[in-house]
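Residue-level listing of the chains:
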Amino acid sequence: MQQWCEDDKPATKILLKGRNALSDSELLSIIIGNEGSRNRSSPDLARVILHHANDNLAEIAKLSVSDLITTGNITLAQANKGNHCF
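Novice: I keep staring at the pattern of salt bridges and nothing clicks. Help me out?
Specialist: A side chain with one charge can pair with a side chain of the opposite charge if their charged atoms come near. Using the criterion set out here, one finds three salt bridges in the structure. Between E26 and K13 there is a salt bridge, and its shortest N-O distance comes to 3.3 Å. Of this pair, E26 sits in helix 2 (residues 24-32) while K13 sits in helix 1 (residues 10-17); the two residues are 13 residues apart in sequence, bridging distant segments of the chain. For the pair shown, E26 and K13 are each scored as buried. Between E59 and K62 there is a salt bridge whose closest N-O contact spans 3.1 Å.

In C-alpha cells, the structure reads:
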C-alpha cells in the first residue's frame, strides 16, 4: 500500500469519504490490518478471502478461524480480529 496516494488508502478513505465509498475488499483490508502477510498485502488478502466467500461479506462471517487462516494465509490474530468484527 505504500505506493498508493494517501487519500486512496482504505483507512484514510473511510475517514474522508465514509464507509459507503469503500469496496467490500477495502473494508475487509481494514479489518485485516496494514500488516497483511509475508507474501501478500492486506488488500490482496482481502480479495482472496472475499473470492473464497463468493464475493459476499455475509459468507465471510460464516467462515471459521481455521478457514480464514487456510484460505487467506493470514495469522491467527488477524483471523480472530476479523471474527469479532462480523
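Novice: Looking at this structure, I do not really get the nonpolar core. What am I missing?
Specialist: The nonpolar side chains of soluble globular proteins are, as a tendency, buried together. In this structure, L28, I32, L45, A46, I49, L50, A53, I60, L63, L68, I74 and A79 together form the largest nonpolar core, which totals twelve residues. Elements represented by at least two residues in this core include exactly helix 2 and helix 3 (42-52). Take this core: its biggest share by element is four residues, from helix 3. When neighbours within four sequence positions are excluded, A79 is seen to be in contact with V65, L68, I69 and I74.

Novice: What am I meant to see in helix 2 here?
Specialist: Residues three or four positions apart in an α-helix share a direction because the helix packs 3.6 residues into each turn. Restricting attention to buried positions, one finds in helix 2 the residues S25, E26, L28, S29, I31 and I32. Just downstream of helix 2 lies G33, where phi reads positive at about 100°.

Novice: Explain the packing of helix 2 against helix 3 here, please?
Specialist: The contact between helix 2 and helix 3 brings their axes to 8 Å, and the two run at 115°. The interaxial crossing formed by helix 2 with helix 3 has right-handed handedness. For the pair formed by helix 2 and helix 3, the contact residues are D24, S25, L28, S29 and I32 on the first element and S42, P43, L45, A46, R47, I49 and L50 on the second. Looking at the contact of helix 2 with helix 3 residue by residue, the classes come out as seven nonpolar, three polar and two charged.

What counts as what
Residues numbered from 1 in each chain as written. Predicted model: local features only at pLDDT ≥ 70, side-chain atom pairs only at ≥ 80, totals over all residues. Heavy atoms only, no water. Salt bridge = Lys/Arg side-chain N within 4 Å of Asp/Glu carboxyl O. Helix = DSSP H or I, 4+ residues; strand = E, 2+ residues; numbered from the N terminus. Buried < 20%, exposed > 50% of the residue type's maximum accessible area, 1.4 Å probe, protein only. Core = buried A, V, L, I, M, F, W, Y, C linked by side-chain atoms within 4.5 Å. Contact = heavy atoms within 4.5 Å. Axes fitted to C-alpha atoms, helices over the stretch in contact; angles between N-to-C directions. Left-handed = near helix turned anticlockwise from the far one by under 90°. Nonpolar A, V, L, I, M, F, W, Y, C, P; charged D, E, K, R; others polar.

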